[in-house]
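Chains, contacts and geometry: an overview
Next come the chains, spelled out residue by residue.
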Amino acid sequence: CRRGFPVTGSGAVDAVNALTTAPNGDFLVVGRLAGTMNLGGGNLTVLSTSRAFVARFDSAGQHVFSAVSGNSQTNAVDVGVDAAGNARVIVTGSSLTLGGVSASGGQSFLAHIGPTGTVSWIKAFPFVSSTIQARSDGTAVVGGYYTSAMNLGFGQVLGPGLKNALLVGLDAAATPLWARSFGLAKDDYVTDVALDSTGHMIAGGRFEGTVDVGGASLSSSTPNTFLVRYTP
């Protein structure tokens, strides 16, 4: 069957960047907004530059919750859900306020949102994350890139490139557990990541020049794509 949703826009930007389903059949949508949009829970209005939004609907398409960031120049780029229905939303920007919770001092953020729309916490990251894959237990893998040396809590991750491809494993509280970095003198970054039922991790992205993804070296004189699969 087909269902329509009550969406109205009067601004320059109304974009859906990602969506996913929850175990109970709900589905979540994230993106960015400039102007006014109604997803069924009242108007979400942004009067200046675009801001991140997140919305949840039940399996019949009925509105559960929707919210927009209190910060301009933010963008919700991906979302994952654990077995309890808690969402983890990646937002890029320099600061984030969502659902009464705020964080700053990062290049991207991970917001934990409960099944009814309560924001439990927001974690700031010193790297740009563009993709997330959440496991049923709440742990997750995020991918993206970083541009300078950083400390994720278990040592320095370094790289000479402009943008260095990065994969980071997180526990259920979004504390980094491990990191894998690859990239050399040019732009390299992860654009998507997936986890299969056996625990293998598959990552895809962009590279230029030579990149060592671990056990394999790829080279290209022009911007190209990579796809790599890691064992658990």
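First, a word on scope: everything that follows refers to the structure included in this document.

Before going further, it helps to examine the overall build of the chain. Secondary structure assignment for the chain yields 0 helices and 19 strands. Over its C-alpha atoms, taken along the principal directions, the chain stretches across nearly 50 × 40 × 35 Å. For the chain, the residues scored as buried account for 47% of the 232 residues in total. Restricting to contacts in the chain with at least 6 residues of sequence separation, those with at least 24 account for 42%. Within the chain, one finds 13 positive and 13 negative side-chain charges whose respective centroids are separated by 3 Å.

On any regular strand, side chains alternate: one points to one face of the sheet, the next to the other face. Burial runs high along strand β11 (residues 128–134): 5 of the 7 residues are buried. In this structure, β11 lies alongside strand β12 (residues 140–146), joined through 6 bridges in antiparallel fashion. Along β12, the bridge assignment pairs Q133 with V141.

On the basis of which strands lie adjacent, the open sheet formed by 4 strands has the order β5-β6-β9-β10 and antiparallel pairing. Of all strands in the sheet, those with a lone pairing partner are β5 (75–81) and β10 (119–125), marking the two edges. Averaged over all pairs of adjacent strands, the angle between strand axes in this sheet comes to 20°, irrespective of strand direction. Note: strand β9 (residues 108–113) against β10, 6 bridges, orientation antiparallel. Counted as the bridge partner of S108 is F125 from β10.

Here we come to unusual backbone geometry. We note that Q73 has phi near 55°; this positive angle belongs to a residue other than glycine. As for its placement among the helices and strands, Q73 is situated in the loop between β4 (63–68) and β5. Of note, A174 is a non-glycine position whose phi angle comes to about 70°, a positive value. Here A174 is to be found in the loop between β15 (164–170) and β16 (176–182).

The rules behind these values
- Residues numbered from 1 in each chain as written.
- Predicted model: local features only at pLDDT ≥ 70, side-chain atom pairs only at ≥ 80, totals over all residues.
- Heavy atoms only, no water.
- Helix = DSSP H or I, 4+ residues; strand = E, 2+ residues; numbered from the N terminus.
- Buried < 20%, exposed > 50% of the residue type's maximum accessible area, 1.4 Å probe, protein only.
- Contact = heavy atoms within 4.5 Å.
- Lys, Arg positive; Asp, Glu negative; His and termini not counted.
- Charge placed at Lys NZ, Arg CZ, Asp CG, Glu CD.
- Pairing = 2+ DSSP bridges.
- Axes fitted to C-alpha atoms, helices over the stretch in contact; angles between N-to-C directions.

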